[in-house]
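# Notes for the structure review
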Number of protein chains: 4
Amino acid sequence: MEVIGRTRWAIPEGYIPSASVSSERALVSHETACILNAGDRDAHIALTVFFANRDPVGPYPIVVPARRTLHLRFNDLTDPQPIPRDTDYASVFESDVPIVVQHTRLDSRRAEIALLSTVAYAEG
Amino acid sequence: MEVIGRTRWAIPEGYIPSASVSSERALVSHETACILNAGDRDAHIALTVFFANRDPVGPYPIVVPARRTLHLRFNDLTDPQPIPRDTDYASVFESDVPIVVQHTRLDSRRAEIALLSTVAYAEG
Amino acid sequence: MEVIGRTRWAIPEGYIPSASVSSERALVSHETACILNAGDRDAHIALTVFFANRDPVGPYPIVVPARRTLHLRFNDLTDPQPIPRDTDYASVFESDVPIVVQHTRLDSRRAEIALLSTVAYAEG
Amino acid sequence: MEVIGRTRWAIPEGYIPSASVSSERALVSHETACILNAGDRDAHIALTVFFANRDPVGPYPIVVPARRTLHLRFNDLTDPQPIPRDTDYASVFESDVPIVVQHTRLDSRRAEIALLSTVAYAEG
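Numbers given for residues are sequential positions, taken from 1 along each chain in its written order. Both sets of labels track the order of writing: A upward for chains, 1 upward for ligands. In keeping with the model being predicted, local features are shown solely for residues with a pLDDT of at least 70 and side-chain atom pairs are shown and tallied solely at 80 or more, while totals for entire chains, interfaces and linings include all residues. Computation of side-chain values covers all heavy atoms of the structure but excludes hydrogens and water.

### Re the overall build of chain A
Each helix and strand counted, chain A has 0 helices and 8 strands in total. Secondary structure elements in chain A, listed N-terminal to C-terminal, are β-β-β-β-β-β-β-β. Taken over C-alpha atoms, the radius of gyration is set against a globule rule of 2.2 Å times the number of residues to the power 0.38. For chain A, the C-alpha radius of gyration of 15 Å lies close to 14 Å, the compact-globule estimate for 124 residues. Expressed along its principal axes, the backbone C-alpha trace of chain A runs to roughly 45 × 30 × 25 Å. Relative accessible area decides the class of each residue, using a 1.4 Å probe on protein chains only: under 20% of the type maximum gives buried, over 50% gives exposed, and in between gives partly exposed. Out of the 124 residues in chain A, the part that is buried amounts to 62%. Going along the chain from the N terminus, every DSSP run of H or I of four or more residues is numbered as a helix, and every run of E of two or more is numbered as a strand.

### Things to note about the pairing of strand E3 (residues 43-51) of chain C
All names here are of chain C. Among the 9 residues that make up E3, 7 are buried, leaving the element largely enclosed by the rest of the structure. Strands are treated as partners if at least two bridges between them are detected by DSSP. Bridge count between E3 and strand E4 (residues 57-64): 6 bridges; the pairing is antiparallel. Bridge pairing in E4 links Ala-43 to Val-64. What sits between the antiparallel neighbours E3 and E4 is a turn of 5 residues.

### Regarding the interface of chain C and chain D
At the junction of the two partners, chain C supplies 38 residues and chain D supplies 34 residues. Surface buried jointly by chain C and chain D totals about 2700 Å² across both partners, of which 62% is contributed by carbon and sulfur atoms. The term salt bridge refers to a pairing of a side-chain nitrogen on Lys or Arg with a carboxyl oxygen on Asp or Glu at a separation within 4 Å. Viewed at the interface, chain D and chain C are joined by 1 salt bridge. For Arg-68 of chain D, the salt bridge is made with Asp-55 of chain C, and the minimal N-O distance between the two is 3.1 Å. Contacts described as polar in this section are N or O atom pairs within 3.5 Å, which, within protein, must combine one atom able to donate a hydrogen with one able to accept it, while residues neighboring in sequence count only if both atoms come from side chains. Summed over the shared surface of chain C and chain D, the number is 12 residue pairs in polar contact (both at pLDDT 80 or more). Secondary-structure elements contributing two or more residues to the side of chain C that touches chain D are strand E1 (6-11), E3, strand E6 (89-107), strand E7 (114-119) and strand E8 (121-123) of chain C. Working rule for contacts: check all heavy atoms of both residues, and any pair within 4.5 Å makes them a contact. Here's the idea: put two parts together, see how much 1.4 Å probe accessible area each one loses, and the total over both is what we call buried area.

### Quick notes on the relation of the copies chain C and chain D
A least-squares fit on C-alpha atoms brings the copies together, and the residues used are those whose pLDDT is at least 70 in both copies. Note on the identical chains: chain C maps onto chain D by a rotation of 90 degrees and an axial translation of 0.0 Å, with an RMSD of 0.0 Å. What the rotation and shift describe, once combined, is the action of a four-fold rotation axis.

### Digging into the packing of aromatic side chains
Any aromatic ring pair is given by two values, namely how distant the centres are and how the planes are angled relative to each other. All names here are of chain C. Pairing of aromatic rings covers Phe, Tyr and Trp, the last through its six-membered ring, and needs centres within 6.5 Å; plane angles under 30 degrees mean stacked, over 60 mean edge-to-face, and all others mean tilted. Tallied over the entire structure, the rule returns 12 aromatic pairs over all chains. Where Phe-74 meets Phe-93, the ring centres are 6.4 Å apart and the plane angle is 70 degrees; that geometry is what we call edge-to-face. In this pair, Phe-74 sits in the loop between strand E5 (68-73) and E6 while Phe-93 sits in strand E6, placing the two residues 19 residues apart along the sequence. For the pair formed by Phe-74 and Phe-93, the shared burial category is buried.

### With respect to the interface of chain A and chain D
Contacts between chain A and chain D engage 34 residues on the former and 38 residues on the latter. Surface buried jointly by chain A and chain D totals about 2800 Å² across both partners, of which 62% is contributed by carbon and sulfur atoms. Counting every contact that joins chain A to chain D gives 1 salt bridge. Between the two partners, chain A and chain D, sit 12 residue pairs in polar contact (both at pLDDT 80 or more). Among the secondary structure elements, those contributing two or more residues to the side of chain A that touches chain D are strand E1 (6-11), strand E2 (30-37), strand E5 (68-73), strand E6 (89-107) and strand E7 (114-119) of chain A. Considering each element in turn, the side of chain A that touches chain D owes the most residues, 6 residues, to E7 of chain A. Gly counts as polar in this scheme, as do all residues outside two lists: the nonpolar Ala, Val, Leu, Ile, Met, Phe, Trp, Tyr, Cys and Pro, and the charged Asp, Glu, Lys and Arg. Tallied by class, the residues present in the side of chain A that touches chain D amount to 21 nonpolar, 8 polar and 5 charged.

### As for the arrangement of the chains
There is a gap between chain A and chain C: no contact, and a shortest C-alpha distance of 7 Å. Kept free of each other, chain B and chain D leave a smallest C-alpha distance of 7 Å between them.

### Brief notes about the environment of Ala-10 of chain A
Position of Ala-10 of chain A among the secondary structure elements: in strand E1. Measuring from C-alpha to C-alpha, the distance between Ala-10 of chain A and Val-101 of chain A comes to 8.7 Å, with 91 residues separating the pair along the chain. Sequence-distant contacts of Ala-10 of chain A, defined by excluding residues within four places in its chain, comprise Ser-91, Val-92, Ala-120 and Tyr-121 of chain A together with Ile-4, Leu-36 and Val-100 of chain B.

### Re the pattern of salt bridges
Enumeration over the complete set of coordinates arrives at 20 salt bridges over all chains. Two residues, Glu-13 of chain B and Arg-105 of chain B, come together in a salt bridge whose shortest N-O distance is 2.4 Å. Note that Glu-13 of chain B is positioned in the loop between strand E1 (6-11) and strand E2 (30-37) and Arg-105 of chain B in strand E6 (residues 89-107), a separation of 92 residues in sequence. A relative accessible area of 4% places Glu-13 of chain B in the buried class. If you follow the salt bridges from partner to partner, you end up with Arg-8, Glu-94 and Glu-123 of chain A in one network.

### Some words on the pairing of E2 of chain B
Residue and element names in this part refer to chain B. In terms of residue burial, E2 counts as a mostly covered element, since 8 of its 8 residues are buried. Here E2 shows two buried faces, one formed by His-30, Thr-32, Cys-34 and Leu-36 and the other by Glu-31, Ala-33, Ile-35 and Asn-37. Strand direction decides the pairing type here: E2 and E6, joined by 7 bridges, are antiparallel. When the sheet's bridge partners are listed, Glu-31 is paired in E6 with Arg-105. Where E2 and strand E5 (residues 68-73) come together, 6 bridges link them in antiparallel fashion. Counterpart to Thr-32 in the pairing with E5 is Arg-73.

### Some thoughts on the state of the cysteines
Cysteine pairs can be covalently joined through their sulfur atoms, and such a bond is termed a disulfide. Note on disulfides: each one is a pair of cysteine sulfur atoms within 2.5 Å. According to the stated counting rule, one finds 0 disulfides over all chains in the structure shown. Cysteine Cys-34 of chain A shares no disulfide, and the gap to the nearest cysteine sulfur, in Cys-34 of chain D, comes to 18 Å.

### A word on the environment of Asp-42 of chain D
All names here are of chain D. On the secondary structure map, Asp-42 appears in the loop between strand E2 (30-37) and strand E3 (43-51). In this structure the C-alpha to C-alpha distance between Asp-42 and Gly-5, which are 37 residues apart in sequence, comes to 14 Å. Those residues in contact with Asp-42, other than ones at most four positions away along the chain, are Asn-37, Val-64, Pro-65, Ala-66, Asp-96 and Val-97.

### Looking at the side chain of His-30 of chain D
Position of His-30 of chain D relative to the elements: it lies in strand E2. What His-30 of chain D contacts, discounting residues up to four positions off in sequence, is Arg-25, Arg-73, Asn-75, Thr-104, Arg-105 and Leu-106 of chain D.

Okay, structure coming up:
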């Protein structure tokens, strides 16, 4: 397969609600960056997180092996520091090989879930 | 970080329901433009709002500092005038430096919330 | 304002549920194409609707005046014929001036509403 | 109508919940790729599915006739093998003629449905 994708991606929307009606992992409120690396070389990605009122945090190092997808939960990030809950943020992904990034949020603050998704903004 | 983004963005969909089941700020029905300015210079943005049956309103002046994100609620805009509720509108953002814009609506007219989101249309 | 947009847009997803829990117009299940014409000339648009198992229908003629937005409900189309309910369809918009198109569905088959939205695919 | 679209499309997000509250086909949890072939030649498409921890599967052969749309449910794919439930995946579409692809998920794990949709990432 030919390489598909871009090397720089931005997701302006980010917000992890602290509340969830479920403690089942699949239904806990979460933000996900779905990353596809369809190429033959591993992708080494630097993720930077931006906030409204303080300096950006990062890079968070991420590896997506060749011909694999990673559905990265922002909830799971810990190094250099966890993403604060109930706080607006944004994110930028910089990869050494072309990737494709899609943003999804599952929101289970209320009894029923809500979903959003969009392909991120790409350059490079 | 290299600059990422474009200078002109459009969001054709806009609608702020007047009803919400919650008065908690996070769960009041709202329309948001999530703006990321990942660059080293502050972004000065002119927002124009379009309607179905009358002349556009604006510019609404918006500043997003360097290396910050702003999750702008249309509900909060007051100058030159508030956005009417229960009314179709659209919006265009013109910035002096590259930014990235994502549109999100949280709709809480009913007991459970609904969400939508999409990266806006970009040029420039 | 400079002109913003493209002249050809496609929305592959289309589906109008026949059922709604509400008869209030704002909460009836509907598909919407939000069209922004930010320019100084009226937009004359030809909409063609595609199906899975029969020939396309159209053009549906649409006018969006200069500096106006139209949130077009597919439910309301009647000429040359209404869009069938509970049927997969897709749509293409061809305009004589640049426009921006965003697709939104409100689904109220169940007691609570669901929303989806995406900026359409653009060319031209 | 002029041809509209691209020949290579990627959808990084994929996840089919095994649970649904309804057994009615329209309301069973499903992932859909809405494909529009607005041109005058049939589209022959090779779909490849990527996973987190194993090799990609495919190609799944898909035909969308000229001037038709196909709302393809990943749930229905069987050859070379069904898509596993409750598993993260991603997909790439390679077509011999231009097409447009939009991704939609209906999630009915809970009593009320949730929807997401985005135009896929395009190249070619």
